[in-house]
Amino acid sequence: MSPSTDAPAGWVNPLRDPRDRRLPRIAGSAGLVIFGVTGDLSKKKLIPAVYDLANRGLLPPGFALVGFGRRRWTHAEFAAFARESAREGCRTPFRDDVWERLAEGLRFVTGSFDDDAGFDALAAQLTALETERGTGGNYAFYLSIPPDDFPTVCRHLERTGCARATDLSWRRVVIEKPFGHDLASARELNEVVAAVFPEDSVFRIDHYLGKETVQNILALRFANQLFEPVWNGNHVDHVQITMAEDIGLGGRAGYYDGIGAARDVIQNHLIQLMALVAMEEPTDFSASALRAEKIKVLESTSLALPIAETTARGQYAGGWQGSEQVVGLKEEEGYDPASTTETFAALTLEVHNRRWAGVPFYLRTGKRLGRRVTEIAVVFRRAPHLPFDATMTEELGKNALVIRVQPDEGVTLRFGSKVPGTAMEVRDVNMDFAYGEAFTESSPEAYERLILDVLLGEPSLFPVSREVELSWELLDPVLEQWAVSGPPEQYQSGTWGPRGADEMLARSGRTWRRP
Ligand SMILES: NC(=O)c1ccc[n+]([C@@H]2O[C@H](COP(=O)([O-])OP(=O)(O)OC[C@H]3O[C@@H](n4cnc5c(N)ncnc54)[C@H](OP(=O)(O)O)[C@@H]3O)[C@@H](O)[C@H]2O)c1
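Computed from a predicted model, the values in this text were never measured in an experiment. (Residues numbered from 1 in each chain as written. Predicted model: local features only at pLDDT ≥ 70, side-chain atom pairs only at ≥ 80, totals over all residues. Heavy atoms only, no water.)

A. Quick peek at the overall build of the protein. Of the regular secondary structure elements, the protein holds 15 helices and 17 strands. With the C-alpha coordinates aligned to their principal axes, the bounding extent of the protein is approximately 80 × 75 × 45 Å. Looking at the protein as a whole, 54% of its 515 residues qualify as buried. Taking as baseline every contact in the protein between residues at least 6 positions apart, the subset at least 24 positions apart corresponds to 78%. Carbon and sulfur atoms provide 51% of the accessible area of the protein, an area that totals close to 23,700 Å². Taking the average location of the 57 positive side-chain charges in the protein and that of its 72 negative ones, the two points are 2 Å from each other. (Helix = DSSP H or I, 4+ residues; strand = E, 2+ residues; numbered from the N terminus. Buried < 20%, exposed > 50% of the residue type's maximum accessible area, 1.4 Å probe, protein only. Contact = heavy atoms within 4.5 Å. Areas by Shrake-Rupley, 256 points an atom, 1.4 Å probe, with all protein chains shown as cover. Lys, Arg positive; Asp, Glu negative; His and termini not counted. Charge placed at Lys NZ, Arg CZ, Asp CG, Glu CD.)

Printed below as a string of structure tokens:
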């Protein structure tokens, strides 16, 4: 079918224009090196994502996946491990023919991070793959490793020349969270990484940004006329951003100690979500325009004070999670009873610009809460006048637009509606958009999207160093205060967090949503 005469000016037939963003983009010749390939993240997410990309036909024919680790594995033994990981974690059907093709490019290099020989062997392997697989010398190095080892691995990559791109090839580094422990360590890490890789080759993973629903915030706001006119303090009362988990720490209590909920979730995921909700419209959808707007809004953001009243923290105690009786953090294996690490954190941010003056942004996250949910609720002011008797609107809450990030991805609009019957009574109802119902395509896993973007050199969904530092600037004063204010309050598992969190909102006459 040729374009109809009523096609908009500038319409380009997508079949002929390779820049069309609706077309799936296929990575060019490249290889991916995973450090920490035997770890939890790699097994559950990274290797399955690579398989899913292969299955969707989005990897180049000569793609190479190189695992680096301490085991004395042959290439075949690594391939067997990777196959099992892919089979267990893949989201598309597992097909032997797809796997066999991918497996031809699998290699394993034995090495430890404190061992020069391992990295020398890696450099030789990468050179060999240029001819064996035609990678073109293009490699991404995924650091799925303990954060303390980021600098060592970067230095090895520099020493062996692995980090060096040429005029015809690229080298990129992918860094997992946490990116630093506080502002000072994040700056230090940025400097170490910047000494080895130019900023445009550094891809900091915040896997939340790879989620469809998160990208949909931009579509919802900037592709519609309906929402943007009310997206400001004239109409919005406050915003609540929640990431709740129903699980506890299990055997990972030792690992979590000293990190806590604020560093683990608020510093990265929730502040990024907040930036997407609060930022101004970018001039276009290029990475530089998006990042400029996120940085601008984060620079206008500050912590509401005093910290003792605008933040809350807690540690889960035992209780009931659904029908299961669960233990508290203090009883978890590997937990240091003297630790004051929080498993629930909430704070209040303010954005000092014309759009958001006076609108608090409440961010909260916690483990062992009522249910697993991530959502952004934009809660609107009450109508300035209600021409009803008070009794008619007793059950009426505030209008809200809720972006459900996970699970049940979608958007809910809550507004008042008349209860059927001869009397007049107004109550809240929900209007729902659910991804699963509206589209037949399933969303790719966040890691799938992000790994593909790394290979394509598409940086829009990766925070830059400035964003990371700005979010630590917001968090540091809270962490400093918490460090000297004794142990966190205990909250019962299966509830919505400590009493302090409710008090935090009650001070301004508000309440948390119970998603
Ligand atoms: N797991 C998740 O869901 C998740 C989510 C978000 C971010 N992250 C981040 O992703 C990174 C990896 O997390 P993870 O959960 O996969 O950790 P993990 O299970 O502890 O795995 C760590 C990996 O690093 C390797 N390693 C450690 N020290 C090494 C050394 N000296 N030389 C060579 N290899 C070494 C381990 O190899 P061995 O097998 O030989 O010990 C293992 O493969 C961390 O930065 C974490 O914060 C993880």
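B. Broad picture of the packing of helix 4 (residues 116-132) against helix 5 (residues 150-159). Two elements in contact, helix 4 and helix 5, have axes separated by 10 Å at closest approach and are oriented at 55 degrees. In terms of their interaxial angle, helix 4 and helix 5 are classed as oblique. At the point where helix 4 passes helix 5, the crossing takes the right-handed sense. Where helix 4 abuts helix 5, its residues Asp-116, Phe-119, Asp-120 and Leu-122 lie against Val-153, His-156, Leu-157 and Arg-159. Split by residue class, the contact of helix 4 with helix 5 holds 4 nonpolar, 1 polar and 3 charged. (Axes fitted to C-alpha atoms, helices over the stretch in contact; angles between N-to-C directions. Parallel < 35°, antiparallel > 145°, perpendicular 65-115°, else oblique. Left-handed = near helix turned anticlockwise from the far one by under 90°. Nonpolar A, V, L, I, M, F, W, Y, C, P; charged D, E, K, R; others polar.)

C. Structural context of the confidence of the model for the protein. Overall, the prediction assigns the protein a mean pLDDT of 92, with 96% of residues at 70 or greater. A low-confidence stretch, residues 1-7 stays under pLDDT 50, and its non-local contacts, those more than four residues away or across chains, total 1 contact. Across residues 9-16 the pLDDT falls below 50, and counting only partners more than four positions away or on other chains, this stretch makes 5 contacts in the model. (pLDDT = per-residue confidence, 0-100.)

D. Spatial organisation of the pattern of salt bridges. Per the stated rule, a full pass over the model turns up 31 salt bridges. The partner of Arg-133 in a salt bridge is Glu-104, with the nearest N and O atoms 3.9 Å apart. Within this pair, whereas Arg-133 is found in the loop between helix 4 and strand 4 (139-143), its partner Glu-104 is found in the loop between helix 3 (96-103) and strand 3 (106-110), the two being separated by 29 residues in sequence. Note that Glu-299 and Arg-466 form a salt bridge whose closest N and O atoms lie 3.0 Å from each other. Placement of the pair is Glu-299 in helix 10 (residues 287-299) and Arg-466 in helix 14 (residues 465-483), with a sequence separation of 167 residues. Residue Glu-299 is classed as partly exposed on the basis of its relative accessible area of 45%. (Salt bridge = Lys/Arg side-chain N within 4 Å of Asp/Glu carboxyl O.)

E. Expanded view of the pairing of strand 2 (residues 64-69). Among the 6 residues of strand 2, 6 are classified as buried, and the element is accordingly described as predominantly covered. Neither face of strand 2 is open: one carries Ala-64, Val-66 and Phe-68, the other Leu-65, Gly-67 and Gly-69, and all of them are buried. Across 5 bridges, the pairing between strand 1 (residues 31-35) and strand 2 is parallel. Paired with Ile-34 across the strands is Gly-67, a residue of strand 2. Taken together, strand 1, helix 1 (residues 40-55) and strand 2 constitute a β-α-β crossover, and its handedness is right-handed. (Pairing = 2+ DSSP bridges. Right-handed = clockwise from strand over helix to strand, strands pointing away.)

F. Seen up close, the side chain of Ser-493. Here Ser-493 shows up in strand 17 (residues 489-493). Of note is the side chain of Ser-493, whose polar atom sits 2.6 Å from the backbone oxygen of Ala-317. Those residues in contact with Ser-493 that sit more than four places away from it in its chain are Tyr-316, Ala-317, Gly-318, Gly-319, Trp-320, Gln-321, Val-326, Val-327 and Arg-368. (Polar contact = N/O pair within 3.5 Å; in protein donor to acceptor, adjacent residues only side chain to side chain.)

G. Fine view of the site of the ligand. If you check the shell around the ligand, you find 20 residues, and the closest are Thr-38, Leu-41, Arg-70, Arg-71 and Ile-145. At a separation of 3.0 Å, an oxygen atom of the ligand approaches a polar backbone atom of Gly-39. Between an oxygen atom of the ligand and a main-chain N or O atom of Leu-41, the distance comes to 2.8 Å. Protein contact buries 77% of the 900 Å² of open area that the ligand shows by itself. For the shell around the ligand, the per-class residue count stands at 8 nonpolar, 6 polar and 6 charged. (Near = heavy atom within 4 Å.)

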